[in-house]
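Letter by letter, the chains look like this.
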Amino acid sequence: RRLAARLASRAVRRSRRRFHARVGFWRETAPRRVGAVSGAVIAIDRDAWLRVGKFDERYRLYYEEIDFMRGLAREGLAVLYVPSARCQHIYDQSAAGGAEHREKFAESEALYQQKWFGPLLPLLRLVGEGPGIAAPPAPPLRADDQISVPLPPLAHVVEVSPLESFETAAGHFPISSEARFPAEVRESFHGESLFVRVVEEATGREVSRGLLHDSA
């Protein structure tokens, strides 16, 4: 990832590959094996839990489930994503409301990297992050604003991410030329910012973007 970020052309291609991988993942209907699932909701087999052990309590917030699932992989155990399972997860309720969540994320990320990739860390630091992709300007949005979708809407995807790079994102498949944030986001949003963009599904080309901020 860091090597790809050194050249803008590679970074763009990688970003579009990741977009298409996300869309394919969201359209899955059958259970599939994955590297990890979100800690928002996990069902863990009791025998697997006893075999791997409890969560590493050094993680104050973030990464504890990723660390646990890497332990599962080390034991040759599978992690499955089950599309038919449904859970409403109201984003960012544990972390929002204070600036310290960024510090905790960085702390947990450093712990995870040291635990699993310690010998490679000097090389990663040498490579550096790189300039990444120059993002277009993101006009401010309010939580009750409509998001305009080009016609035909079924050919587009609306993505939302806390990261300007959209390294990770949530997605919505619009069925009309206007999309809105869900009611639970409009009512409970109190985070720092969420980036929103409309992407052409076939090409991965970004059509438009905006920035939802709690002070907008």
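You'll find the structure just up there.
Please read these numbers as outputs of a predicted model, since none were measured by experiment.

Asker: Can you help me understand the overall build of the protein in this one?
Answerer: Tallying secondary structure elements over the protein gives seven helices and nine strands in all. When each of the 216 residues of the protein is scored for burial, the buried share is 30%. Here the analysis covers contacts within the protein between residues at least 6 apart in sequence; of these, 74% occur between residues at least 24 apart. Only carbon and sulfur atoms are counted for the fraction: they give 55% of the accessible area of the protein, which is about 13800 Å².

Asker: Honestly, the packing of aromatic side chains in this entry has me stumped. Any pointers?
Answerer: Each pair of aromatic rings is reported with the distance of its centres and the angle of its planes. In this structure the tally under the stated criterion is nine aromatic pairs. Ring geometry for W26 against F173: centres 6.4 Å apart, planes inclined by 80°, an arrangement best described as edge-to-face. Residue W26 is found in helix α2 (residues 8–26), and its partner F173 is found in the loop between β6 (170–172) and β7 (178–180); the two are separated by 147 residues along the sequence. Using a relative accessible area of 28% as the deciding quantity, one classes F173 as partly exposed. Here a set of aromatic residues connected by ring pairs shows up, and it is made of Y62, Y63, F105, Y112 and F117. Residue placement shows R27 over the ring face of F173; its charged tip is 4.0 Å from the ring centre. When the ring centre of F166 is taken as reference, the NZ or CZ atom of R197 above it lies at 4.3 Å.

Asker: Would you take a moment to explain the nonpolar core for this structure?
Answerer: As a rule of thumb, soluble globular proteins bury nonpolar side chains together. By size, the foremost hydrophobic cluster in this structure holds twelve residues: L141, A143, I147, V149, V158, A179, F181, F189, L194, V196, V198 and L212. Here the element with the most residues in this core is strand β8 (residues 193–200); it accounts for three residues. V34, A48, F68 and L72 belong to the second-largest nonpolar core, a separate cluster that totals seven residues.

What counts as what
- Residues numbered from 1 in each chain as written.
- Predicted model: local features only at pLDDT ≥ 70, side-chain atom pairs only at ≥ 80, totals over all residues.
- Heavy atoms only, no water.
- Helix = DSSP H or I, 4+ residues; strand = E, 2+ residues; numbered from the N terminus.
- Buried < 20%, exposed > 50% of the residue type's maximum accessible area, 1.4 Å probe, protein only.
- Contact = heavy atoms within 4.5 Å.
- Areas by Shrake-Rupley, 256 points an atom, 1.4 Å probe, with all protein chains shown as cover.
- Phe/Tyr/Trp six-rings, centres within 6.5 Å; stacked < 30°, edge-to-face > 60°.
- Lys NZ or Arg CZ within 6 Å of the ring centre and 35° of its normal.
- Core = buried A, V, L, I, M, F, W, Y, C linked by side-chain atoms within 4.5 Å.

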